[in-house]
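Observations on the model geometry
Here is how the chains run, residue by residue.
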Amino acid sequence: MGLGGCIILIAVGAILTFATDWEMQGVNLDLVGIILMVVGLIGVSTFSSIARRRRVVMPPTTPVVEEERHHSRRDGYRDGYGI
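Numbers given to residues run from 1 along each chain, matching the order in which its sequence is written. In keeping with the model being predicted, local features are shown solely for residues with a pLDDT of at least 70 and side-chain atom pairs are shown and tallied solely at 80 or more, while totals for entire chains, interfaces and linings include all residues. The basis for every side-chain value is the complete set of heavy atoms in the structure, and neither hydrogens nor water enter the calculation.

1. Points about the overall build of the protein chain
- Per the secondary structure count, the protein chain includes two helices and zero strands.
- Throughout this description, buried means an accessible area under 20% of the type-specific maximum (1.4 Å probe, protein chains only), exposed means over 50%, and partly exposed covers the range between. The 83 residues of the protein chain split such that 13% are buried.
- Note on contacts: a residue pair qualifies if any of its non-hydrogen atoms lie within 4.5 Å across the two residues. Taking the intrachain contacts of the protein chain between residues at least 6 apart in sequence as the baseline, contacts between residues at least 24 apart amount to 48%.
- Here the Shrake-Rupley method, with its probe set to 1.4 Å, supplies the accessible areas, and only the displayed protein chains count as covering residues. When the accessible area of the protein chain is evaluated, it comes to approximately 7,800 Å², of which 60% is carbon and sulfur surface. Helix numbering and strand numbering both begin at the N terminus, where a helix is a DSSP run of H or I of at least 4 residues and a strand a DSSP run of E of at least 2.

2. Topic: the packing of helix H1 (residues 3–19) against helix H2 (residues 29–54)
- Axis definition: a line fitted to C-alpha atoms, over the contacting stretch in the case of helices. Angles run 0 to 180 degrees between N-to-C directions. Interaxial distance between H1 and H2 falls to 7 Å at its minimum, and their mutual angle equals 160 degrees. It follows from the interaxial angle that H1 and H2 lie roughly antiparallel. The interaxial crossing formed by H1 with H2 has left-handed handedness.
- Residues belonging to the contact of H1 with H2 are distributed by class as follows: 17 nonpolar, five polar and one charged. The labels follow the angle: roughly parallel below 35 degrees, roughly antiparallel above 145, roughly perpendicular from 65 to 115, and oblique for the rest. Crossings are sorted by hand: turned counterclockwise from the far helix by less than a right angle, the near helix makes the crossing left-handed, and turned clockwise it makes it right-handed. As a working rule, the residues Ala, Val, Leu, Ile, Met, Phe, Trp, Tyr, Cys and Pro are called nonpolar, Asp, Glu, Lys and Arg charged, and the rest polar, with Gly in that last group.

3. Some words on a nonpolar patch on the surface
- On the surface, Leu3, Ile7 and Phe47 cluster together to form a nonpolar patch covering roughly 250 Å² of accessible area.
- Topologically, Leu3 is positioned in helix H1. For patch building, the residue pool is restricted to those with more than 30% relative accessible area and no salt bridge; the joining distance is 9 Å between like charges and 5 Å between nonpolar side chains (Val, Leu, Ile, Met, Phe, Trp, Tyr). In what follows, salt bridge is the name for a side-chain nitrogen of Lys or Arg lying within 4 Å of a carboxyl oxygen of Asp or Glu.

4. Concerning H1
- For H1, which comprises 17 residues, the first-to-last C-alpha distance of 23 Å matches the rise-based estimate of 24 Å (1.5 Å per residue) to within 8%.
- The secondary structure elements touched by the buried residues of H1 are H2. What a helix should span is 1.5 Å times the count of its residues minus one.

5. What about the environment of Ile34?
- Tracing the chain through its elements places Ile34 in helix H2.
- In this structure, the C-alpha to C-alpha distance between Ile34 and Leu16, residues 18 residues apart in sequence, is 8.3 Å.

6. Looking at H2
- With 26 residues, H2 extends 37 Å from end C-alpha to end C-alpha; this agrees with the ideal 38 Å at 1.5 Å per step.
- Along H2, the positions that sit buried rather than exposed are Leu29, Gly33, Met37, Gly40 and Gly43.
- Of the surrounding elements, those touching the buried residues of H2 are H1.

7. With respect to the environment of Gly13
- You can see Gly13 is positioned in helix H1.
- On the basis of relative accessibility, which here comes to 0%, the residue Gly13 falls in the buried class.
- Once the C-alpha coordinates of Gly13 and Ile35 are considered, the two residues, 22 residues apart in sequence, prove to be 7.2 Å apart.
- In contact with Gly13, other than residues within four places in its own chain, are Gly33, Leu36 and Met37.

8. Some details on the side chain of Thr17
- Mapped onto the fold, Thr17 is located in helix H1.
- We call two N or O atoms a polar contact when they sit within 3.5 Å, provided that within protein one can donate a hydrogen and the other can accept it, with sequence-adjacent residues counted only if both atoms are side-chain atoms. Polar side-chain contacts of Thr17 include one of 2.8 Å to the backbone oxygen of Gly13.
- The contacts of Thr17, once residues within four sequence positions are left out, are Asp30, Gly33, Ile34 and Met37.

Right, dumping it as structure tokens:
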């Protein structure tokens, strides 16, 4: 169940608990609503802890230093000393 499903459980539980006044024989809708809200809260906390573990922190990268390459010059000198 994803984060959206957990939020829906919390919303449906709150509606059953606070916004309805239905009477059903053998079923306490207030208790069912509270159970749904608790299950939704447990799901949100579990989802957020799993998402925190999945987050990968990359170490800071070191700058790449390119080595200078000695290119042969057109005039025949290698290191500039005439050798």
